[in-house]
Every structure is written in C-alpha cells, then in structure tokens.
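Coordinates in review
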Amino acid sequence: MITVGFALCGSYCTFKEAIEQIEVLSKDDSIKLIPIMSENAYSIDTRFGEAESHIKHIEHITKTKILHTLTEVEPFGPKKTLDALIIAPCTGNTLAKLALGIADTSVTFAAKAHLRNDRPILIGISTNDALAAASKNIGSLHNTKNIFFIPYRQDSPLNKPNSMIADFTKTKAALSSALKREQVQPVVIC
Ligand SMILES: Cc1cc2nc3c(=O)[nH]c(=O)nc-3n(C[C@H](O)[C@H](O)[C@H](O)COP(=O)(O)O)c2cc1C
C-alpha cells in the first residue's frame, strides 16, 4: 500500500477531469489517497461550480477529509506521510511558487514538506500562460530533482496560443513512472 496526496489548485475548469482521476486512483486498493486543496480551490465558488459541492464530491470519493491549511499539511515532512504528491490541476500561480521555493499555501507547503523527504511530485499543468509567463517555471521544474509532469498539450492553439493543459487521463501512468523516478514519455503530446 502506498500513500499518495492529490492536490487541486484553482484551475476550476479542470476540476471535473481531475476528480475523475481521483476516482480512478481511489478504486486502486494499493493506493491510499489523501485529498488536498489550495485555499483558493477550497473556498471560491465559480461558474464551474460551488466550492462546497466539489469538496463534498471529493470527500465522498476518497472517504477522507480534504486538507486545506498549512497546519494540516505540515506533518508531511516529519511524518513522511506521502510516497508521492500529485498536484493536478496546477495553476500558473502555483507553478511560479514551486519554481521559486515559495511555500505560502496548503499545496506549496505540502510540496516543500514532501520534497524534504526526497520523494516525487507529479504536476498536471493547466494554465493559459504555459507558453508565456509560466514557461520559464515549467522549464525550471522539469530541471528540478523529484519533479515530474503528467503529459501535456496545447488545448486551443488558435484561440489561446499560450495555453497548455495536462492530459489528466495519463495521471496513473505518470504516477507509476514518477514513483520509479522516471518521467513518463512523451511528455509533450499533440
Ligand atoms: C473561474 C476561474 C478559473 C481559473 N482558471 C485558471 C486556470 O485554468 N489556470 C490557472 O493557472 N489559473 C486559473 N485561475 C486563476 C487562479 O485561480 C488564481 O491564480 C489563484 O490565485 C490560484 O491559486 P492557487 O494556485 O493557490 O490555487 C482561475 C480563476 C478563476 C476565478
């Protein structure tokens, strides 16, 4: 049995796809899933749904309370809670913080606490500026020990030329590779 954190950041339009993967991983008896949400993901209602409804749905699937504060994720470091941490969807905001070692949210602090144990993080990007302001952060994280990516692609090259999004259906395969400290390939898909 392995313990995997599944953290969602505020890319609300991809919650449905991410939650489908939470469902897939929850059905695997060899995985204990710990749901995590950034403060923004946990609290903001948007046109993609109400926070409370997402929370209830995720807690129903995982049968586990969502961790969403700094104090709740802090033990990840000393207790070595997680074998791997998935951050999907990962916003441009959280990518920037991860690239710079900033740890001021539940998700970025979970990442910092977890990395201290030399264990893998798997990132599923979803950001309109992946090929603009976030590109240097994605590049930097590709070049960072213990950071791996769910394969991603441009989601709307003509309408949103700088946008890229993970193929969330590849989460489980990418997790298997990340646990072996390997990046699943191809990482950039079309
Ligand atoms: C409706 C809505 C949709 C958003 N979608 C995205 C998105 O897909 N990708 C992204 O990087 N930011 C998106 N944002 C902006 C983030 O939610 C914002 O940068 C926030 O500070 C992220 O915080 P977090 O990274 O701690 O979750 C969206 C915001 C709103 C209100």
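Above this text sits the structure in question.
Reference entry: report on the structure contained in this document. (Residues numbered from 1 in each chain as written. Predicted model: local features only at pLDDT ≥ 70, side-chain atom pairs only at ≥ 80, totals over all residues.)

**A word on the site of the ligand**
Within the structure, the ligand sits among 16 residues, and Cys9, Gly10, Ser11, Ser38 and Thr91 are positioned closest to it. Going through the elements one at a time, α2 (39-43), α5 (92-100) and β4 (121-127) are the ones with two or more residues in the shell around the ligand. For the shell around the ligand, the leading source of residues is α5, giving three residues. For the shell around the ligand, the residue count by class is four nonpolar, twelve polar and no charged. (Near = placed C-beta within 6 Å. Helix = DSSP H or I, 4+ residues; strand = E, 2+ residues; numbered from the N terminus. Nonpolar A, V, L, I, M, F, W, Y, C, P; charged D, E, K, R; others polar.)

**So, the environment of Ile36**
The residue Ile36 is located in strand β2 (residues 31-37) in this model. Judged by the 28 C-beta atoms lying within 10 Å of it, Ile36 is buried. Once residues lying within four places of it in the same chain are set aside, the contact partners of Ile36 are Gly5, Phe6, Ala7, Ile66, Leu67, His68, Val73, Ser106, Val107 and Ala110. (Buried ≥ 20, exposed ≤ 12 C-beta atoms within 10 Å, placed from the backbone. Contact = placed C-beta atoms within 7 Å.)

**Looking at the packing of α5 against helix α7 (residues 135-142)**
Between two packed helices, both the angle of their axes relative to each other and the distance between the axes serve to describe the pair. It is at 9 Å that the axes of α5 and α7 come closest, and there the two elements cross at 45°. The angle between α5 and α7 places the two elements in the oblique class. The way α5 lies across α7 gives a crossing that is left-handed. The segment α5 lies against α7, with Leu95, Ala96, Leu98 and Ala99 engaging Asn137, Ile138, Ser140 and Leu141. Taken together, the residues that form the contact of α5 with α7 break down as six nonpolar, two polar and no charged. (Axes fitted to C-alpha atoms, helices over the stretch in contact; angles between N-to-C directions. Parallel < 35°, antiparallel > 145°, perpendicular 65-115°, else oblique. Left-handed = near helix turned anticlockwise from the far one by under 90°.)

**Considering the packing of α5 against helix α6 (residues 106-115)**
Two numbers describe how α5 lies on α6: the axes approach to 10 Å, and their chain directions differ by 30°. Crossing handedness for the pair α5 and α6: right-handed. Residues Thr94, Lys97 and Leu98 of α5 touch α6, and the partners they reach there are Val107, Thr108 and Ala111. Of the residues in the contact of α5 with α6, the class split is three nonpolar, two polar and one charged.

**Examining α7**
Those residues of α7 not exposed but buried are Asn137, Ile138 and Leu141. Projection of α7 onto a plane perpendicular to its axis shows the buried side chains occupying an angular sector of 100°, all on one side. Pointing more than 90 degrees away from the buried face of α7 are the exposed residues Lys136 and Gly139. Elements in contact with the buried residues of α7: α5, β4 and β5 (147-149). (Arc of directions from axis to C-beta.)

**Considerations on the pairing of β4**
Among the seven residues of β4, seven are classified as buried, and the element is accordingly described as predominantly covered. Of the pairings in the sheet, the one linking strand β3 (residues 84-90) to β4 comprises four bridges and is parallel in character. Bridge pairing links Ile86 to Leu122 in β4. For the crossover that starts at β4, traverses α7 and ends in the parallel β5, the hand is right-handed. Bridge count for β4 against strand β7 (residues 164-166) is two bridges, and the pairing is antiparallel. Across the sheet, the residue bridging to Ser126 is Ile165, located in β7. (Pairing = 2+ DSSP bridges. Right-handed = clockwise from strand over helix to strand, strands pointing away.)

**What about the nonpolar core?**
Counting 55 residues, the largest nonpolar core has Ala7, Ile36, Ile87, Ala110, Leu122, Ile123 and Ile125 as the members making the most contacts within it. Contacts of Leu122, omitting those with residues within four sequence positions, involve Ala84, Ile86, Phe148, Ile150, Ala174, Leu175 and Ala178. (Core = buried A, V, L, I, M, F, W, Y, C linked by C-beta atoms within 7 Å.)

**Details of the pairing of β2**
β2 sits mainly inside the fold: five of its seven residues count as buried. The pairing of strand β1 (residues 2-8) with β2 spans seven bridges and is parallel. Paired with Gly5 across the strands is Ile34, a residue of β2. For the segment spanning β1, helix α1 (residues 15-26) and β2, crossover handedness is right-handed.

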